[in-house]
Each structure stands twice: as C-alpha cells, then as structure tokens.
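# Summary of the model geometry
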Amino acid sequence: MREKDMSISIIGAGNVGVALGQALTRRGETVVFGVPEPQKYAAAVAALGDKAHLTSTAEAIAASDLLILAVPHTATAGIAQSVPDWQGKVLVDATNPLAPGLTGLTLGTSTSGAEVLAQQARGARVVKAFNSTGADNMADAAYAGGLPMMPICGDDADARHRVMALATLIGFEAVDMGPLMAARYLEPFAMTWIHMALRQGMGRRFAFGLLRRS
C-alpha cells in the first residue's frame, strides 16, 4: 500500500469510476467506492475483486487521503460542500462541465470546472486528471505504439506529483501541466477526444500520445 497505508477513494461507480478502479486494483491498490446508493453498484464493484470496497459517499471521503471525483460535473458542488474542511486531502477532478448532448462546455476561457471545485472544496488540494480520454483507455492504457498521455495540473506540487505517479502506475505517460488554471485547456481538450472518438468515428480506444525529438 501507499504512504500511511491509505486506500484510494473513488466517488462514483459509473463508467469512469469503475474503469479507474479496475486499473488500480489490477496493480494492487485498494480502492473504496463511495456512492449515494451502494446497493445499486454492488455487482459492478464486486466484479473488481477483493481490493475494491463499496460504501457511502461520506464514508469513502473519510476513508482516504486521495479521492477521485468520477461523477457528473453537476454533482461536484454538492460533494465539495458536504465537507466543512477537507484537511489537505488530494481531490482529483476527473469530470468535465459538459453541455447536454455533448455539444460543448458550460464553463471555459476565464475559468474551469476544476478551479470552481477548488473554491467549493475548502481545504482540499485539487488536481485535474483523468478527464481527457475515455473510460476504455483508463481501464486499459496498453497500446502497441506507445504510451497514451495523461495531462495533469494542480496548484499543489506534491499533490500533482502524487496523481502523476498514479497515472504512470496505470499505464499513462503523465504530463505535468503545472498550475490548476491549466484545466481551462484540459477540459476543452476532453471535447477534442469526444469529437475524434465519437463524432469522427475513431472509436473509444482512440488516444493521444507524445512525440519527442531526441
């Protein structure tokens, strides 16, 4: 287990949450899923094996010092404000402020969903990650041609680097995007993936990678 022998909590057990849970438990991490109605997700979480546990949202928040928000963006404010003081927990925002029908974003240019979340989650160290590709890639990031990239940003360098280590663990090339304001670019970048994968027919196993000249 990681430092402090702590688990990772994933808030939400939809496609993205289960995909990340699958990738993390496969590599030996203990994951606690927090949802409002645990019985609805019991089968999906049980299928991940004995490293995955299911409980309420509040109990999952209390269980870990690193949490991944894998819920619809509209649910993030309520979760953030349900905790009076996050006491330095790392809160990973894997959401995007998507407009209905995937027609665009409801926030952008001068702010981002992640920056709004940081204002709402008092005392949390917010990091933007796991929002720029599809759930299929997060469940299995292996590609014959190289590593898919995972851009990550956050104002707290230690929190950002911890999340980069998680992304590396599950098979991505973690890219340090610096401060949280870079989420203003990462959330529209998610729309680029949606456009290419879904509208241009590249498929959900489409991913972006990096090329470097030696």
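Note that the structure is predicted; figures quoted are calculated from it, not measured. (Residues numbered from 1 in each chain as written. Predicted model: local features only at pLDDT ≥ 70, side-chain atom pairs only at ≥ 80, totals over all residues. Heavy atoms only, no water.)

### A few points about the overall build of the chain
If you tally the helices and strands in the chain, you get 8 helices and 8 strands. Overall, the C-alpha framework of the chain stretches about 45 × 40 × 35 Å when taken along its three principal axes. Buried residues in the chain amount to 50% of all 214 residues. Once local pairs closer than 6 in sequence are excluded, the contacts in the chain between residues at least 24 apart make up 66%. Taken as a whole, the chain presents about 9900 Å² of accessible surface, with 55% of it coming from carbon and sulfur. Of the side chains in the chain, 18 bear a positive and 18 a negative charge, and the two mean positions are spaced by 5 Å. (Helix = DSSP H or I, 4+ residues; strand = E, 2+ residues; numbered from the N terminus. Buried < 20%, exposed > 50% of the residue type's maximum accessible area, 1.4 Å probe, protein only. Contact = heavy atoms within 4.5 Å. Areas by Shrake-Rupley, 256 points an atom, 1.4 Å probe, with all protein chains shown as cover. Lys, Arg positive; Asp, Glu negative; His and termini not counted. Charge placed at Lys NZ, Arg CZ, Asp CG, Glu CD.)

### Quick word on the packing of aromatic side chains
According to the stated counting rule, one finds 2 aromatic pairs in the structure shown. When the centroid spacing of 5.0 Å and the interplanar angle of 80° are considered together, the rings of phenylalanine 206 and phenylalanine 208 count as edge-to-face. On the basis of relative accessibility, which here comes to 13%, the residue phenylalanine 206 falls in the buried class. Among the residues examined, phenylalanine 208 registers a relative accessible area of 24% and is labelled partly exposed. Of the aromatic side chains, those joined through ring pairs into one cluster are Phe189, Phe206 and Phe208. (Phe/Tyr/Trp six-rings, centres within 6.5 Å; stacked < 30°, edge-to-face > 60°.)

### Details of the pattern of salt bridges
Enumeration according to the criterion identifies 8 salt bridges in this entry. Note that glutamate 37 is salt-bridged to lysine 40, the shortest N-O span being 3.9 Å. Of the residues examined, glutamate 37 reaches a relative accessible area of 39% and is grouped as partly exposed. The exposure class assigned to lysine 40 is exposed, which follows from its relative accessible area of 56%. Between aspartate 158 and arginine 125 there is a salt bridge whose closest N-O contact spans 3.1 Å. With aspartate 158 in helix α7 (residues 157-169) and arginine 125 in strand β6 (residues 125-128), the pair connects residues that are 33 residues apart, well separated along the chain. Residue aspartate 158 is classed as partly exposed on the basis of its relative accessible area, which comes to 45%. Arginine 125 sits in the partly exposed class, given a relative accessible area of 21%. (Salt bridge = Lys/Arg side-chain N within 4 Å of Asp/Glu carboxyl O.)

### Brief notes about the sheet that holds strand β7 (residues 149-154)
With respect to topology, 8 strands assemble into an open sheet ordered β3-β2-β1-β4-β5-β6-β7-β8, the strand pairing being mixed. A strand with exactly one partner marks an edge of an open sheet, and here the two such strands are β3 (52-56) and β8 (173-176). Within this sheet the neighbouring strands show an average axis-to-axis angle of 25°, counted without direction. Taken together, the 5 bridges between strand β2 (residues 31-35) and β3 define a ladder with parallel strand orientation. Paired with glycine 34 across the two strands is threonine 55, which belongs to β3. Along the sheet face, helix α8 (residues 183-199) touches β5 (90-93), β6 and β7 and points at about 145° away from the line of β7. (Pairing = 2+ DSSP bridges. Axes fitted to C-alpha atoms, helices over the stretch in contact; angles between N-to-C directions.)

### Some details on the pairing of strand β1 (residues 7-11)
The buried fraction of β1 amounts to 5 of the 5 residues, a majority that puts the element mostly inside the structure. Burial of the side chains of β1 extends over both faces: Ser7, Ser9 and Ile11 are buried on one face and Ile8 and Ile10 on the other. Pairing of β1 with strand β4 (residues 64-69), which is carried by 5 bridges, proceeds in the parallel orientation. Bridging across to β4, isoleucine 11 finds its partner in leucine 69. Taken together, β1, helix α1 (residues 15-26) and β2 constitute a β-α-β crossover, and its handedness is right-handed. (Right-handed = clockwise from strand over helix to strand, strands pointing away.)

Read these as spatial facts, not as claims about activity.
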